[in-house]
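Residue-level structural notes
One letter stands for each residue in the lines below.
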Amino acid sequence: MEQLPQQCIYRLQLSSKGGLQPLESQTATSTEPVWLHLDYEQPEAADWLRSTDLVSEAAREALLGQSSRPKLVRQGDNLLLTLRGINHNRGDSPEEMVALRIYITPSLIISSRHRPLLSEKDVYEQLANSNEPVTLGDWLVEMCDALTDRVGEFAESLHDRILGLEECIMDRDIPGHGLLGHIRKQLILVRRYLSPQLDLVARLASEKIGWLNDDDRRRLLDIADRLRRWLDDLDAGVARTAVLADEVNNMMTEATNQRAYQMSIMALLFLPASFLTGLFGINLGGMPGADNPAAFWIFCLGLLALGGGLGFWLHRNRWW
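Residues numbered from 1 in each chain as written. Predicted model: local features only at pLDDT ≥ 70, side-chain atom pairs only at ≥ 80, totals over all residues. Heavy atoms only, no water.

Taken in spatial order, the 7 strands make up an open sheet running S2-S1-S3-S7-S6-S5-S4, and their pairing is mixed. Two strands close off the open sheet at either side, each with one partner strand: strand S2 (20–22) and strand S4 (71–75). Going across the sheet, the axis of each strand differs from the next one's by a mean of 20°, ignoring polarity. As paired strands, strand S6 (residues 98–105) and strand S7 (residues 108–113) are joined by 5 bridges and run antiparallel to one another. Considered in S7, the bridge of isoleucine 102 is made with serine 111. On the sheet, helix H2 (residues 57–66) packs against strand S5 (78–85), S6 and S7 and is oriented at approximately 150° with respect to S6. (Pairing = 2+ DSSP bridges. Helix = DSSP H or I, 4+ residues; strand = E, 2+ residues; numbered from the N terminus. Axes fitted to C-alpha atoms, helices over the stretch in contact; angles between N-to-C directions. Contact = heavy atoms within 4.5 Å.)

This is the structure in structure tokens:
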């Protein structure tokens with residue numbers, strides 16, 4: 001009889017009477033499916049995964065964290081899955097998605113990860129409070145559903161942030177440095193991981209596995225449709241941020257041009273004055289007003305009149 005590990009996040013039995021029940025036995029002899037949820041970085045869990053005969057060699061490597069990209073491998077009625085979920089851990093970025101590895105046989109579910117996932121808690125709470133019989137198919141559908149719900153929440157939050165940026169730009173307010181680029185990076189990274197996950201869920205719905213019934217397949221197709229909608233929203237977000245980036249560049253170019261234009265106008269205003277002061281500043285005999293004590297003030301008044309006349313001319317021609 002196979003000894004089960006003590007160091008589990010969850011060690012539960014899927015009950016035909018409803019809900020999830022704590023597994024009392026230390027061995028894999030239960031007549032109903034068992035869910036073992038492990039942190040593969042924990043020494044006891046890692047040692048058990050390396051030594052157990054309950055999983056295949058390929059599944060062993062995946063459950064120990066050797067694989068992170070979404071994938072699906074079927075071996076008869078045994079299934080090996082790698083899925084990705086939004087990272088809600090403190091200090092981490094949401095787009096650094098957490099990999100969840102799952103190995104399912106007709107009598108056993110083994111799932112492993114290192115960083116915690118909110119989706120695993122969602123599945124536990126959903127199934128533990130259920131009054132209906134819980135099957136392997138129910139567990140798998142609920143896990144895919146929880147991961148997709150968390151993706152949807154994150155996509156909605158990005159959508160709201162983009163709306164806020166669009167309102168700022170409509171008010172001619174340039175966003176903070178790097179903010180738009182950060183949102184665009186999140187959109188692209190999340191989409192990169194979700195695109196193969198969509199194909200995986202759609203393929204899973206078409207697999208003829210004994211413990212998946214028609215209702216489970218229908219629900220998986222619904223989840224695939226939701227994932228497709230979120231991917232479309234992410235694509236739209238990427239396009240919208242590109243338009244916003246162009247608009248920000250246009251605003252910055254316009255502001256730079258406006259400043260250059262104002263400087264040019266100022267230079268034009270002072271150009272005649274600079275010419276006249278340079279001309280009257282030469283030390284040669286015969287300069288007009290050289291012997292008149294009021295010549296300086298007359299010259300200053302002439303400069304003011306010239307500047308005022310030039311400003312009026314610029315304003316009338318809508319240059320200023």
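The subject of this paragraph is helix H3 (residues 118–128). Every buried residue of H3 is accounted for by Ser119, Glu120, Val123 and Leu127. Viewed end-on, H3 has its buried residues packed into an arc of 105°, placing them on one side of the element. Buried residues along H3 sit against strand S1 (10–14), S2, strand S3 (34–39), S7 and helix H4 (136–170). (Buried < 20%, exposed > 50% of the residue type's maximum accessible area, 1.4 Å probe, protein only. Arc of directions from axis to C-beta.)

On to the environment of leucine 221. Checked against the element boundaries, leucine 221 lands in helix H6 (residues 214–280). The class of leucine 221 is partly exposed, set by a relative accessible area of 44%. Remark: the alpha-carbon pair of leucine 221 and serine 206, spanning 15 residues in sequence, is separated by 8.8 Å.

To continue, consider the pattern of salt bridges. Using the criterion set out here, one finds 19 salt bridges in the structure. Between arginine 172 and glutamate 247 there is a salt bridge whose closest N-O contact spans 3.6 Å. Of this pair, arginine 172 sits in the loop between H4 and helix H5 (179–206) while glutamate 247 sits in helix H6, and the two are 75 residues apart along the sequence. When its relative accessible area of 46% is taken as the criterion, arginine 172 is described as partly exposed. Measuring nitrogen to oxygen at the nearest pair gives 2.3 Å for the salt bridge that ties arginine 191 to aspartate 235. You can see arginine 191 sitting in helix H5 and its partner aspartate 235 sitting in helix H6, a full 44 residues away along the chain. By relative accessible area, which is 28% here, arginine 191 ends up partly exposed. Salt bridges here are not isolated pairs; linked through shared partners, they connect Arg74, Arg203 and Glu207. (Salt bridge = Lys/Arg side-chain N within 4 Å of Asp/Glu carboxyl O.)

Another point: helix H1 (residues 43–51). All buried positions along H1 are accounted for by Ala45, Ala46, Trp48 and Leu49. The arc enclosing the buried residues of H1, seen along the axis, measures out at 160°, which places them on a common side. Every exposed residue of H1 that faces more than 90 degrees away from the buried side is listed here: Pro43, Arg50 and Ser51. Check the buried side of H1 and you find it contacts S3, H2 and S7.

With that settled, consider the packing of H4 against H5. Orientation of H4 relative to H5, taken along the N-to-C sense of each, is 155°, at an axis distance of 11 Å. On the basis of their axis angle, the class for H4 and H5 is roughly antiparallel. You can see that H4 and H5 cross each other, and the crossing is left-handed. Counted together, Leu140, Leu147, Val151, Phe154, Leu158, Arg161, Ile162 and Leu165 of H4 and Leu179, Leu180, His182, Ile183, Gln186, Leu187, Val190, Leu194, Gln197 and Leu204 of H5 form the full contact between these two elements. Within the contact of H4 with H5, the residues separate by chemical class into 14 nonpolar, 3 polar and 1 charged. (Parallel < 35°, antiparallel > 145°, perpendicular 65-115°, else oblique. Left-handed = near helix turned anticlockwise from the far one by under 90°. Nonpolar A, V, L, I, M, F, W, Y, C, P; charged D, E, K, R; others polar.)

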